[in-house]
Structures are given as structure tokens and as C-alpha cells.
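The primary structure of each chain is shown beneath.
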Amino acid sequence: MDLLFLSSKKSVLTIGLIVAYGLFTSCENQHKEQEPSQTTPALEELDLIQFVDPMIGTAKMGHTYPGATAPFGSIQLSPDTDTIPYAVEGQYNPDVYKYCAGYQYDDPTIVGFSHTHFSGTGHADLGDFLLMPTVGKLQLNPGTASDSSSGYRSAFSHDNEEAQAGYYSVLLEDYNIKAELTATTRVGMHQYTFPESDQARIIFDLTSGIYNYEGKNIWTFLRVENDTLVTGYRQTNGWARTRKVFFAMTFSKPIESYGRNKLPAQVYRGFWRKFDQTENFPELAGENLKVFFNFKTIDNERVKIKFSISPVSTQGAINNIQEEVPHWDFEKVKSQTQEQWNSELNRIQIKPLDQDEMINFYTAMYHAFLGPTVYMDVDGKYRGLDRNIYQAEDFVNYTSFSLWDTYRALHPLFNVIQPRRNADMITSMLEHQKQSVHGMLPIWSHYANENWCMIGYHSVSVIADAIVKGNTGFDLDAALLASVETAKVPYYDGLDYYMDLGYVPEDKNGASVSKTLEYAYDDWAIAQAANALGNTSVYEEFAQRSENYKNVFDTISGFMRPKLSDGSFKKEFDPMDTHGQGFIEGNSWNYSLYVPHQPDTMIAMMGGKDAFVNRLDSLFTMELPDKYFANTEDISREGIIGNYVHGNEPSHHVVYLYNWTNAPWKSQDKIRMILKAMYKPTEDGLGGNDDFGQMSAWYIFSALGFYPVAPGSPQYALGSPAVRNAKIQLESGKVFEVVVEKQSAENVYIDKVYLNGEPLHTPFIYHTDIVNGGRLEFFMTNQPNKGWYKSH
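Residues numbered from 1 in each chain as written. Predicted model: local features only at pLDDT ≥ 70, side-chain atom pairs only at ≥ 80, totals over all residues. Heavy atoms only, no water.

A.B. asks: Help me out: how do you make sense of the overall build of the protein chain in this one?
C.D. replies: Looking only at helices and strands, the protein chain features 18 helices and 40 strands. Taken against the 2.2 N^0.38 rule, which gives 28 Å for 792 residues, the C-alpha radius of gyration of the protein chain at 26 Å falls within 12% of a compact globule. When the 792 residues of the protein chain are sorted by exposure, 66% land in the buried category. For the protein chain, the accessible area works out to roughly 27000 Å², and carbon and sulfur atoms hold 48% of it. Within the protein chain, one finds 65 positive and 97 negative side-chain charges whose respective centroids are separated by 1 Å. (Helix = DSSP H or I, 4+ residues; strand = E, 2+ residues; numbered from the N terminus. Rg over C-alpha atoms; globule rule 2.2 N^0.38 Å. Buried < 20%, exposed > 50% of the residue type's maximum accessible area, 1.4 Å probe, protein only. Areas by Shrake-Rupley, 256 points an atom, 1.4 Å probe, with all protein chains shown as cover. Lys, Arg positive; Asp, Glu negative; His and termini not counted. Charge placed at Lys NZ, Arg CZ, Asp CG, Glu CD.)

A.B. asks: What's the story with the sheet that holds strand β12 (residues 187-194) in this structure? I'm lost.
C.D. replies: Across a sheet, strands are paired by hydrogen bonds formed along the backbone, either parallel or antiparallel in direction. Taken in spatial order, the nine strands line up as β9-β10-β11-β12-β20-β16-β15-β14-β18 in an open sheet, and their pairing is antiparallel. The open sheet has two free edges, formed respectively by β9 (161-164) and β18 (283-286), since each of these has just one partner strand. Each strand of the sheet is rotated relative to its neighbour by a mean of 15°, with strand direction disregarded. In the sheet, β9 pairs with strand β10 (residues 167-172) via four bridges, with the strands oriented antiparallel. When the bridges of β10 are listed, glutamate 162 appears paired with serine 169. Together, β12, β15 (229-236), β16 (243-251) and β20 (301-310) form the strand contacts of helix α2 (residues 314-324), whose direction differs from that of β20 by roughly 125°. (Pairing = 2+ DSSP bridges. Axes fitted to C-alpha atoms, helices over the stretch in contact; angles between N-to-C directions. Contact = heavy atoms within 4.5 Å.)

A.B. asks: It is not clear to me how the layout of surface pockets should be interpreted in this structure. Could you clarify?
C.D. replies: Considered as a void within the structure, the largest pocket measures approximately 700 Å³ in volume. If you go around the largest pocket, you meet 24 residues; those closest to its centre are Arg260, Leu263, Gln266, Gln277 and Ala285. Elements with a minimum of two residues in the lining of the largest pocket: β14 (217-224) and β18. It is β18 that contributes the most residues to the lining of the largest pocket, four residues altogether. Per-class residue counts for the lining of the largest pocket are ten nonpolar, seven polar and seven charged. Roughly 440 Å³ of volume is contained in the second largest pocket. Thr207, Ser208, Asn212, Tyr213 and Glu214 are the residues nearest the centre of the second largest pocket, which is lined by 19 residues in total. Residues that form the lining of the second largest pocket fall into these classes: five nonpolar, nine polar and five charged. (1 Å grid on protein atoms, 1.4 Å probe; cavity = no way out; pocket = protein on both sides within 12 Å on 5 of 7 lines; lining within 4 Å. Points joined across faces, edges and corners; volume = space filled by probe spheres on them. Nonpolar A, V, L, I, M, F, W, Y, C, P; charged D, E, K, R; others polar.)

A.B. asks: So what exactly am I meant to see when it comes to the packing of aromatic side chains here?
C.D. replies: We describe a pair of aromatic rings using the distance from one ring centre to the other and the angle between the two ring planes. Scanning the model with the defined rule gives 55 aromatic pairs in all. Seen from their ring centres, tyrosine 457 and tyrosine 519 are 5.1 Å apart, and the 20° between their planes marks the pair as stacked. Note that tyrosine 457 is positioned in the loop between β28 (449-450) and α8 (459-468) and tyrosine 519 in helix α11 (residues 512-532), a separation of 62 residues in sequence. Overall, tyrosine 457 belongs to the buried group, its relative accessible area being 1%. For tyrosine 519, a relative accessible area of 0% gives the class buried. In this structure an aromatic cluster arises from ring pairing among Tyr656, Tyr679, Trp698, Tyr699, Phe701, Phe706, Tyr707, Tyr716 and Phe736. In this arrangement the basic side chain of arginine 243 is found over the ring face of tyrosine 447, its NZ or CZ atom lying 5.0 Å from the centre. In this structure, lysine 563 is placed above the aromatic ring of tyrosine 503, and the distance from its NZ or CZ to the ring centre is 5.2 Å. (Phe/Tyr/Trp six-rings, centres within 6.5 Å; stacked < 30°, edge-to-face > 60°. Lys NZ or Arg CZ within 6 Å of the ring centre and 35° of its normal.)

A.B. asks: Even after reading the chapter, I still don't get empty space enclosed by the protein, so can you show me in this structure?
C.D. replies: Remark: the empty space left among the atoms is shown by a probe the size of a water molecule rolled over them. Computed from the structure, the largest cavity encloses a volume of approximately 130 Å³. Looking at the largest cavity, it is lined by 17 residues, and the ones nearest its centre are Leu385, Asn397, Tyr398, His432 and Ala448. Those elements giving two or more residues to the lining of the largest cavity turn out to be β23 (381-383), β25 (398-399), α7 (419-435) and β27 (444-446). If you tally residues by element for the lining of the largest cavity, the top one is α7, at four residues. A class-by-class count of the residues in the lining of the largest cavity yields six nonpolar, nine polar and two charged.

The following block contains the structure:
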């Protein structure tokens, strides 16, 4: 049967952990436009925010940021620790990859605090509107990390740095200024405690950005509206090539004076040459503005800034400030945002096996709720792909859809614990499709731009998963039509060949095997949505297309293999290699297992259940030599177990495939091994990019004991839960409880499982089992029980 179902201080953490062991809750404290009202929660709210450590993943490959943001917030106010350019002498600079989130834990300096960041991505943009408080000599260049005094940057120490959900602080040592940050959905709030100085100032660098290069800034514009209000915009051509962001910034004390950098001379200067625009001129424009605002401060004086962004206008940004932060009480903003975070975290309450588990779990929840992000002003207006202004009616508009990653587990997680929000995300995708001149749903989109990153058309998976699981708070017929239209755009990434030949030929379009496999899965997802909606013709068409994975399977080698346009397989083939072999971010060993929608057929193609078990065993135990990923920046040794690459998404379902064999118990010890090896409560604790919450969502599902192998199906594969108990607060008010008896670090195998008091004999549960509320009870042991299940 092929149809599937789917940095806190340690002393504080320890005290909180003891408190949390004995309690349990959920409560919503969101603005109506952020989160619709729901049934009164069945659980009493716990203090869970103390277990979030935003520093996890800020070193090496995690690419997370430590700064302040609200759940799914438009503002991500965070420190940037260097100014690495995207290119040097016209060539890509590989060092820039470390700075996808703007911050690297091992860096010794902070350049400033910018207002927009991606979490965990493997490519980057943003880093808009960098502010830096300084005293002393005016410097408008950031300088170098080796000598912080060479520019406006400052040295800092982790001893004087603190990160919490919704709050960040650090001592800028060069200036003896304490910087504190918090944020609402659309407003970042700064609080800078200055020493006494006649040369206190705020540097505002509109040229700074992440993945910066010469010419990325198309235009910057700034108006000093009065002695406390500054407005403007920045337009860039980067990953999003037509991105325009408006801002409004207001100070808690009047500006003494201000000025800007000297801009390069232009051939045409117009009649603006009448003015000296370098000092106290209230209207500034140019490709690369850097502005400074001067103040006089007494010792320990706090200068506060409220900074909002808008996709529409400076007035929209002003309205955002007036609506969300109509006061100057920094602690009130911090408290309200942390209350929002605590309510979100209470959607799942766990009793962990140990303290590390508590920190890992709630930091994963935190990372999972960092995106997609709200993309509209408080009045519901937003900018569309066609650059026109739209009004969101009865939904919250979202952006930053990292869909190649997040369709796998993040959006399925939302269908369990954030269904209303996920429905709004799908409505946002449908609006994207209407505005798209290509008539396509998002591939990877942000800030009203399609950036075309990665492969597949995985919006259709997100839509199908919601439809099949009954999360239908969007236009279902429009969603199916949009999915079909997206899957038939012939000029998109080899789709013409795929529709004509049944596969993407490697000599016509690269990464051909990965594309063929992912298109086939997406087509299956469309078929499931059509079936659920009673559209037989669409179901039959896409069910047939969903079997195209068979066309790239080489029965001789036993691997998925690149095929040429003449129908022959590519001769030079190494299933261990990721380069030039027809795959992207994975090799054939991993990608050959990517048939999540028809695992039984895949297993039969590969020699049957026993042979398939041996194949999976080999994947986890064989050695992958360094040469195979030495030149692949998104894969490192830390993210690999044998030849299983957990640090990249194509393998995330693989360990659960044992459930379709006669040895599902073989998944259980490996799941627990992955949880321990790839997720640690340390700065370098993530085994790869968190990828906008996908890595974290894998952790959450797996820690709970089940996983959606094929989104678009109502089935979840059971694994090996890492918690002692979990209560999932559903938006209906019902609770689904996971109880784990005889849990320990050694007892990683399932002895038996009960669902609502009845024994389970297959290693699967269904979405209705969860959303109806109930109790899933695992009994664990330290030896495999090979007889508790019936062969699938």
C-alpha cells in the first residue's frame, strides 16, 4: 500500500526545569490580525520562554541569528558581526556563506544592529537599516575586525551578551554603551545606555547589508521630518531583485545635529547642487547613504529608538509604530513580546528526559516560529509581485517561503499546532500566484519577489497537505487550479522535458534526477488534493505523472541515475558524488530513497524488503570520504552520519523508511542517535543550516515520536520518542497526549504502543488520531521487540 500519512543561564534553566516538570498549558496573547481567536485552551500556561536559547546555531553552519523578534515577526532586530562582501574582485567570496544570518558566534566585533534577517538559510539577503551607537570621533566606515578602532564597529564579549526570545543585549566595549533590543511584529525597539559625552551619536548605515556587493543598493532615500522623526526607504537588487523597504525611525530625545557621508560625484547633479547636503539638510538621496545623528548625553542616559519597516510607504511604517508601540516603555514591549512567545511555546508542553532536551525542544519551537514572516502593515496593505499595493482581506499576508526545505516538516507541523496560520500562509501563496506573470505559486519567495531558489514546486505539497488533513481555511478550488497551473509552466526548470519525456534529461537541464524525483512527488501531492476535492480528471493526470520517478531508476546499478535526452543513462556515474551527477544538495545514495509517496514500490524496485534494509543499514554505517563534499558549502562533516546527510533536507524522511520493511525497529535507535548527534544546546549545536525551521521541525516531530514522511498523506510514521511526556494543545481546545513509559537514554526501542487504550499493530498513526485529541502511549525497552507490529 503506497498511500501515506504523512542563551539562558544554566542556573536559571535548572530552576525553571524543576518548576516545569510539575506543571503544564496554553494561552494566546496575539493581536487578532496575527492569530485568530480560538477555543479556550485546555492546558494551564507554563513558563517555557526560559528554555529558549537563541544562541543555538549561531556558530558554524546553523546560520541562526540571536537578536530580538516576535513570533513570525516582520522585524528581526539582530547584531551583525562583520561586513563580508559577496564578491571579491568580481569572484564569489566563499567566506560570505558564514554570514547568511549576519552573525557568527566566534567573531570578536559587532558592526551594528540591522532590522531584517533570515533564520538558518543557505543563501541570504536583507540586513536592512543598520544602526550603531557610538561616542567620540565620527567614523562612517565599519572598519576591520582585526582593529575595531578603525571604524564604527566595536569589540564585544560573550560574557556581556544575553539573548532571550524577544530580547537581546550586549556591551559595546569600545564605547562603553549597553545595547538592548526588543521587537513587536513590525517595530524594533532599541535602548542604548550611553556614558556622558558631547560626542554621542547614532550611525545609520543604509549601505550595509547581508550578501552585499557593489551595486546592490539601487537607491536610498531619507527625510528628517522633525527633530525626532526620520523616514525613508532602501531599494536593492539582490536575491530579491526588486526589493523596496520603507522605514520610519523615531528617537526618544531630540537630535542635536546630523549629516551624511560624501557621495561620489555624478555626471548630472541637477539643481540640488544649490545646497550643502552634508550637514543638517533634511532630504537626502543617493545610492549609498550613511547618516549620523548627534546627541549630548549624561552618564547612564538611555536613548531609545523605535524603528518600523513597511512594504508600502513611510506612512505605513509610521502607522505601525503608532499602533504597536505608542509609548516609550522598553520593558513593556519586551514583556508583551515574551508573553506572545510563551503562548506560542505552550502549544506543546513536554516533560523531558533531561535538561538538554528541554532547551533543545523549546529552542526548536522558537526557531520553527521565526517564519514565514508577516508581510503587511497594520492596516493590511502590502506590496505584490507586480509592485502594486494590495489589501489583505480576512487573512494575514506572509512572505519568506523557503519551500524546498519547509514543505517536509515545518508546514505539516503547522497543520497540527498552527492550522489557522498555515491557512493564511496558503492564502498568501495563492495571492502570489495571482500576481505572478508566470501564473506560478511560490518556489522560494521573499519581499514580493520570486527568487527561484532550489527546485520543485513545493507550494503544491503545502496546499495538498492542508487539504488532505482538513485544514481548509482557504479557497480550495483556487488552490487546486493554482497547483495545476504551476505544474504546467513549460519553461520552468526542465518541466517541458519532464512533461514530454517523463523525466528531465541531464544533457538539457542540470540536477535532472533531483528535479524528476521532486516533480513526481509534487505531482502525487496534486493528485491527493484533487482526489480529496473529487476532481477525477486532475487526479488521474497527476497520479500518472507521479510515477515518473521510475524513469530515472537504473535497474543495473540499483540507483536513481541521470538519463540523457536520447533515453540512455549517463555513462560517467558515481553514486557517492554530488557534483555533475544529476543531483542537488545530495548524492544518489541519498536521493535514490526520495520516493516518499510510494515507498512500497520503491522498495520492490530495489530488491525487496530485506535488500532494502541492508541498503539503509549501509547508508548509516558506510564512510563518505571528505572529497565528496569538500567543495559543497552547505554540507559539512558535522551534518553526516555514515553517508546519511542530516544537514541537508533530501534525507530527512529516510530513517523512517524502515517502517515499510519487516524491521521498523531499526529506525528507532537511529532516530535517537540523530537527535543526540545533530541537535545540541550549544552555539554550534546544529548539524546544518536550520533552513527557516525545517531542521527544528524534524526535531520536534521526532522527539514526539512520529513524522510526516509524505506530506499530502494523513499518515505519520512512528519512531522513537525522546520525551517522557508531551501534551499538544490543539486550536480546537482538545489535547493530544504522548506518554512514554520506561523512557531512558538506553531504552530507545518500542516494546508496544497503545492509541487511546487500544494496541497498535502497525508503526503508523493518522492525522485524525491527533486532531480528535487522545492519548498515544509508548512502552520502551533496551532491546528490539521484533514482534509488536504486523508486517506492512
